[in-house]
Amino acid sequence: MAQTKPAAKPAAAAPAPAAAAAPKLVPAQSDIAFTFRQMGVPVEGHFKRFDAQLAFDPKNAAAGKVTLTIELGSATIGDAATDAELVKPEWFDTKKIPTGTFQSSSIKTLGGGKFEVAGKLSIKGQAQDVVVPVALTQAGGTTTAVGSFAIKRLDFKIGEGEWKDTSMVANDVQVKFKLAFTGMAPL
C-alpha cells in the first residue's frame, strides 16, 4: 500500500495592516478666535463649535488634507445682544448658510514643525484663497496646531448694509487658532 502524504496545511493569511486612524480633534483643548476693531477698539470673539477632519502625516505633508467646518452661529464676543446680531443676514446669515469651511489644497513643509497650508475659506457663500502658517508641537500623545492669518471681512460679505462702513467696524480681521489632535504620527 502506498502511503500518501498528508495535505499541506494552507498558510495562515497574514493579517492585513490596520489602516492608520485619522487624527481626532480634541474640542476641549481647541479654540478658534477672531479679533477686529470696532471704533478703534480691539474686540475678540470665539467660535464655540467647530470640527476638523485631518488626513496628515508630518513626514509626508504634501499628501495631507485638512477640512475645517465652523458653526457660524456659535460665534460669541461675550455680549448676548451683540452675539444675537452676529447670526443676522448682515453678519453671518446663519439661517441661510450656517457653516463656514476651510478646505486645504496644498500643504508645504517649512521645517522645524512649521507648515504652510493653502486652501479655500468659504463664509456666507464667498470663497477666498488663503495661506495659513501652522506650527505643530507634540506632547503626551497630543499634537497642537497653532497659527493665525488675516482676512478682509467685506470679502466675505460679513457686515453688510450700514455695517459696510469700515470707520465703525474695521475691514481687517485677525483669525487665530489652536487645534489639538490625538492620533497624529510623530513629527
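The paragraphs below set out a description of the structure included in this document. Counting starts from 1 at the beginning of each chain's written sequence and moves along it residue by residue. Only residues with pLDDT of at least 70 are given local features in this predicted model, and only at 80 or more are side-chain atom pairs given and counted; all residues enter the totals for whole chains, interfaces and linings. Each side-chain value is derived from all of the structure's non-hydrogen atoms; neither hydrogens nor water enter the calculation.

Below, the discussion takes up the environment of T99. Looking at the secondary structure, you find T99 in strand β7 (residues 99-111). For the pair T99 and S122, spaced 23 residues apart in sequence, the C-alpha separation works out to 8.7 Å. By definition, residues are in contact when any of their heavy atoms lie within 4.5 Å. Those residues in contact with T99 that lie beyond four places of it in its chain are T69, I70, E71 and L72. A helix here means a DSSP run of H or I that spans at least four residues, while a strand means a run of E at least two residues long, and both kinds are numbered starting from the N terminus.

What follows concerns the packing of aromatic side chains. Two numbers describe a pair of aromatic rings. These are the distance of the centres and the angle of the planes. Within 6.5 Å between ring centres, the rings of Phe, Tyr and Trp (the latter by its six-membered ring) count as paired, and their orientation is classed by plane angle as stacked under 30 degrees, edge-to-face over 60, tilted in between. Scanning the entire structure with this criterion turns up five aromatic pairs. Judged by centre distance (5.4 Å) and plane angle (85 degrees), the ring pair of F56 and F115 falls under edge-to-face. Taken as a pair, F56 in the loop between β4 (50-55) and β5 (65-71) and F115 in strand β8 (residues 114-123) lie far apart in primary sequence, 59 residues in all. Here the aromatic rings of W91 and W163 are separated by 5.5 Å at their centres, their planes lie at 50 degrees, and the arrangement is tilted. With W91 in the loop between α1 (80-86) and β7 and W163 in the loop between β10 (142-152) and β11 (172-182), the pair connects residues that are 72 residues apart, well separated along the chain. With a 1.4 Å probe rolled over the protein chains alone, any residue whose accessible area is under 20% of its type maximum counts as buried; one over 50% counts as exposed, and the rest are partly exposed. With a relative accessible area of 11%, W91 lands in the buried category. A connected cluster of aromatic rings, assembled from ring pairs, spans F34, F36, F47 and F92.

With that settled, the discussion passes to the pattern of salt bridges. Salt bridges are defined by distance alone: a side-chain nitrogen of Lys or Arg within 4 Å of a carboxyl oxygen of Asp or Glu. Tallying each qualifying case throughout the model produces seven salt bridges. K120 serves as the salt-bridge partner of D129, at 2.7 Å between the closest nitrogen and oxygen. For D129, a relative accessible area of 58% corresponds to the exposed category. Overall, K120 belongs to the partly exposed group, its relative accessible area being 40%.

Relative to the helices and strands, T144 is located in strand β10. Given a relative accessible area of 16%, T144 falls into the buried group. Residues contacting T144, with those up to four places away along its chain left out, are A135, L136, T137, K178, L179 and A180.

To continue, consider the layout of surface pockets. A cavity here means a set of 1 Å grid points, computed over protein atoms only, where a 1.4 Å probe fits but cannot escape. A pocket is an open set with protein on both sides within 12 Å along at least 5 of 7 lines, and lining residues have an atom within 4 Å of a point. Grid points are joined across faces, edges and corners, and a volume is the space filled by probe spheres set on the points. Of the voids in this model, the largest pocket is the one considered here, and its volume is about 790 Å³. Forming the boundary of the largest pocket are 42 residues, of which I32, F34, F47, I70 and V175 lie nearest the centre. For the lining of the largest pocket, a count of residues per class yields 35 nonpolar, five polar and two charged. For this scheme, ten residues count as nonpolar: Ala, Val, Leu, Ile, Met, Phe, Trp, Tyr, Cys and Pro. Four count as charged, namely Asp, Glu, Lys and Arg, and the remainder, Gly too, count as polar.

What follows covers unusual backbone geometry. Phi at M39 takes a positive value of approximately 50 degrees, unusual for a residue other than glycine. Backbone geometry places K157, a non-glycine residue, at a positive phi of 60 degrees. Along the chain, the position of K157 falls in the loop between β10 and β11.

Quick look at the nonpolar core now. In terms of nonpolar packing, the biggest core is built from 41 residues, with I32, F47, F56, F92, L121 and L179 touching the most fellow members. Of the residues forming this core, the biggest block, five residues, is contributed by β11. Buried residues of nine kinds, namely Ala, Val, Leu, Ile, Met, Phe, Trp, Tyr and Cys, make up a nonpolar core once their side-chain atoms join them within 4.5 Å.

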